[in-house]
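One letter stands for each residue in the lines below.
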Amino acid sequence: MKHLILGTAGHIDHGKTSLVKALTGTDTDRLKEEKARGITIELGFAHLQLPGGIEFGVVDVPGHEKFVRAMVAGVAGMDLVMLVIAADEGIMPQTREHLDILRLLGVRCGLVALTKSDMVEPDWLPLVQEEVREFVAGTFLESAPIIPASSKTGAGLDDLKEQLVRLAEGAAEKKRDGAFRLPVDRVFTVAGFGTVVTGTLLAGEIKLGDELELLPNRIPGRVRGIQAHGAKTEAGQAGQRLAVNLQGIDLDQAHRGDVVVPTGIFRTSRRVDVRLDHLASAPRDLRHRSTVRFHSGTSEVTAQIILLEHDALPPGQSGYAQLRLDQPLLLVSGDPYLIRATSPSVTIGGGIVLDPFPPARRRRSEDALRLLVSLDAAEHQRTCGLIVSQALLSGVSFDEIVLRSGIARKQADTALQGLLASGEIVQMTREPRIFLAKAAVVGLKQLLVDELSGYLAANPLKDGIGKEELKTRIPKRSDQRFFAPLLAELEKEGVLLADRELVRPTGVKKQTATQSSGLGARICTLLAERGLEPPTIKELAEALRSSEKEVRDHLALLTREGVVTRVSADIFYDSALLKTIEERLIAHLRAKAEIIPAEFRELTGLSRKFMIPLLEYFDSRKITIRIGDKRVLRGR
């Protein structure tokens, strides 16, 4: 079964609803006001099954100029259209606006139904057909069938159905792969079941039990039931008109313009880059920062237009723009949209969404325009490369590239593999897959080298910088997950050496504390002279007339060289002397099996200020282990 959406369009009172009823048997005017006034106010829906396995969901739209908002919502998802023109009146204002709307919103297939053909003389019909042919010249209906029909007598209905079958056979169905997306065009409640929304499934498949969310407000829910053309079903396919019973979502939480999507896949935006086609029929130039009504899918919001190339766009011209929306919407690259002036309320343009998650653009930016031209031309590899390069040091994930470009995942993957093979981009992380342009990788590597050089210049006694310290030097706008692959590449290139937790330059001979200045040698002399009770850092600084920082730096270097040993934060020993104390302690424990603090004081002659830190140092070295007040050799 081939599932397609067939819509109507045309001026008020040209017989759209009567034609749908004649074809399907369904009166799509369901509201009391519609029946009382004899005009369509809201969207109406019907089902039409034709030979050859063709199943149409039929959307009947209002024709009155006051209800264009509802008409636009009905166009969302249309695969074919019947442009309805009454033979006795011909082309009217809403005929023209509706055709503009269809073209701007991406409808590319359909026919013209000349209704009320029974109300004109037979020789009048060829004249009307000729007028219509001239009217649709240059549009997607230029070569479309123009079929006289009468809902009253049934004349032409069979021919209309035959042409619909022929058109349907050549029409492409909506993609059933990927995540489902259902723009909501109607919301109501059913006693005992709760909230029901209807719409045309634009992509994917929706099934009973699916976890979902209602965007833009991210209201979570679950699929409780599905109906397609009035019949219950386990799953809805792309291209079908569906009614979906939402579990967990109240009636006042759902509105026309919302979109039903799987949980956690899509996100909304308040800024989009677009190609903008300004209609030749527009009353005036479209100026930079104009405010308009923006329509896409079943949504309608206010938007400000930021023209990226011009100060004003004359009627009949096209350009690139950034639209800033006053409310967040779910938009996908390739989605059609249209804009209407606020006063007078007329359709003035539209186009397609190129980038649904762009940064704030500088006007006349060559980089931005290159990307938009590439997106517009569907040059996949070039588009992916531009998105990665314009992400600068931040990088961009595979999922973000797919969301922004609108390229299918498989095609995006192929494009990225080509860019990786050519060396234009680098994959920095495995999960999620994040890519950087080669120039950004080179920039980040140089930044790490410069940070190391700057650190060593400020700390001349240090051989290198701690890995964690260097990692924090990655810019905030970048990602610390890039540190490991960047460091690995610098090591491979022989620029840096990661020695355990220390990163240092290669080819630089280690400097000793005694070589660096006379201060190191004088520290060693003082520690040796004071013997078992060495001076603290403060005392060393005072004795050597130096700063505590300089003393600490030299002690750190002496410690790395093994000349001195750090016992506590403020106590450092001459390493040879400390070894003597350790040997004396081990000999005592081997002879006596244990030692208490008082015995250790007797053994060494130390005061409590040094005795306790030394005992704790030997514990930390796993030479001794404390049991109550006693120490014993570890392992005994």
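This structure is a prediction, so every number in the text was calculated from the model and none was measured.

Definitions and cut-offs
Residues numbered from 1 in each chain as written. Predicted model: local features only at pLDDT ≥ 70, side-chain atom pairs only at ≥ 80, totals over all residues. Heavy atoms only, no water. Helix = DSSP H or I, 4+ residues; strand = E, 2+ residues; numbered from the N terminus. Rg over C-alpha atoms; globule rule 2.2 N^0.38 Å. Contact = heavy atoms within 4.5 Å. Areas by Shrake-Rupley, 256 points an atom, 1.4 Å probe, with all protein chains shown as cover. Lys, Arg positive; Asp, Glu negative; His and termini not counted. Charge placed at Lys NZ, Arg CZ, Asp CG, Glu CD. Axes fitted to C-alpha atoms, helices over the stretch in contact; angles between N-to-C directions. Parallel < 35°, antiparallel > 145°, perpendicular 65-115°, else oblique. Left-handed = near helix turned anticlockwise from the far one by under 90°. Nonpolar A, V, L, I, M, F, W, Y, C, P; charged D, E, K, R; others polar. Core = buried A, V, L, I, M, F, W, Y, C linked by side-chain atoms within 4.5 Å. Buried < 20%, exposed > 50% of the residue type's maximum accessible area, 1.4 Å probe, protein only. Pairing = 2+ DSSP bridges. Expected span 1.5 Å × (residues − 1). Arc of directions from axis to C-beta. Polar contact = N/O pair within 3.5 Å; in protein donor to acceptor, adjacent residues only side chain to side chain.

(A) Representation of the overall build of the protein within the structure. Across its full length, the protein holds 20 helices and 34 strands. For a compact globule of 636 residues, the expected C-alpha radius of gyration is about 26 Å, and the protein comes in at 38 Å, more than 25% above that figure. In terms of its C-alpha atoms, the protein occupies a principal-axis envelope of roughly 130 × 55 × 40 Å. Partitioning the intrachain contacts of the protein with sequence separation of at least 6 by distance along the chain shows that 65% fall at a separation of at least 24. Total accessible area on the protein is roughly 29400 Å²; 49% of this is exposed by carbon and sulfur atoms. Seen as two clouds, the 86 positive and the 83 negative side-chain charges of the protein have centres 7 Å apart.

(B) Summary view of the packing of helix α8 (residues 380-390) against helix α9 (residues 398-405). Packing of α8 against α9 brings their axes to within 10 Å, and their N-to-C directions diverge by 120 degrees. Classified by the angle their axes make, α8 and α9 are oblique. Relative to α9, the crossing made by α8 is right-handed. Contacts from T383, C384, I387 and V388 in α8 reach I401, R404 and S405 in α9. Here the contact of α8 with α9 is composed, by residue class, of four nonpolar, two polar and one charged.

(C) A look at the packing of helix α11 (residues 438-458) against helix α13 (residues 483-492). Orientation of α11 relative to α13, taken along the N-to-C sense of each, is 80 degrees, at an axis distance of 10 Å. It follows from the interaxial angle that α11 and α13 lie roughly perpendicular. Contact residues: K438, V441, L444, K445, L448 and V449 in α11; F483, L486, E489 and L490 in α13. Of the residues in the contact of α11 with α13, the class split is seven nonpolar, no polar and three charged.

(D) Region of the structure containing the nonpolar core. If you look at the biggest cluster of nonpolar residues, it comprises 33 residues, and the most contacted ones within it are V75, M78, L83, I101, L102, V132 and L141. Broken down by element, the residue count for this core peaks at five residues, all from helix α3 (residues 68-75). Not counting residues within four places of it along the chain, the set of residues in contact with M78 comprises I5, G7, T8, V59, V61, L102 and V107. One finds L6, V84, A113 and A171 within the second-largest nonpolar core, a separate group that totals 26 residues.

(E) Seen up close, the pairing of strand β3 (residues 54-60). With seven of its seven residues buried, β3 lies for the most part within the structure. Here strand β2 (residues 44-50) pairs with β3 via seven bridges, running antiparallel. Bridging across to β3, F45 finds its partner in V59. Between β2 and β3, which pair antiparallel and follow one another directly, the connecting turn spans three residues, one of which, G52, has a positive phi of 85 degrees.

(F) Spotlight on α9. The buried fraction of α9 is high, at seven of eight residues. Listed as buried for α9 are F398, E400, I401, V402, L403, R404 and S405. On its buried face, α9 sits against β24 (347-355), α7 (366-377), α8, β25 (396-397), α10 (409-422) and β27 (434-437). Backbone geometry just after α9 places G406 at a positive phi near 75 degrees.

(G) Geometry of helix α18 (residues 575-592). A rise of 1.5 Å per residue sets the reference length of α18, with its 18 residues, at 26 Å; its end C-alpha atoms lie 26 Å apart and thus fit the reference within 8%. Turning to α18, its buried residues are S575, L578, I581, E582, L585, I586, H588 and L589. Buried positions in α18, seen along its axis, are confined to an arc of 160 degrees and lie on one side of it. What points out from α18, more than 90 degrees from its buried face, is the exposed set A576, R590 and A591. Against the buried residues of α18 lie β31 (564-566), β32 (572-574), α19 (597-604), α20 (608-620), β33 (624-627) and β34 (630-633). For α18, the capping residue at the N-terminal end is D574, with a side-chain oxygen 3.1 Å from the backbone nitrogen of A576.

(H) Structural detail: the side chain of H3. Relative to the assigned elements, H3 resides in strand β1 (residues 2-9). A residue is classified by how much of its surface remains accessible, and H3, at 9% relative accessible area, is buried. Here the side chain of H3 touches E55 through a polar contact of 2.8 Å, side chain to side chain. With residues up to four places along the chain from it excluded, the contact list for H3 reads E55, E173, R176, Q237, A238, G239 and Q240.

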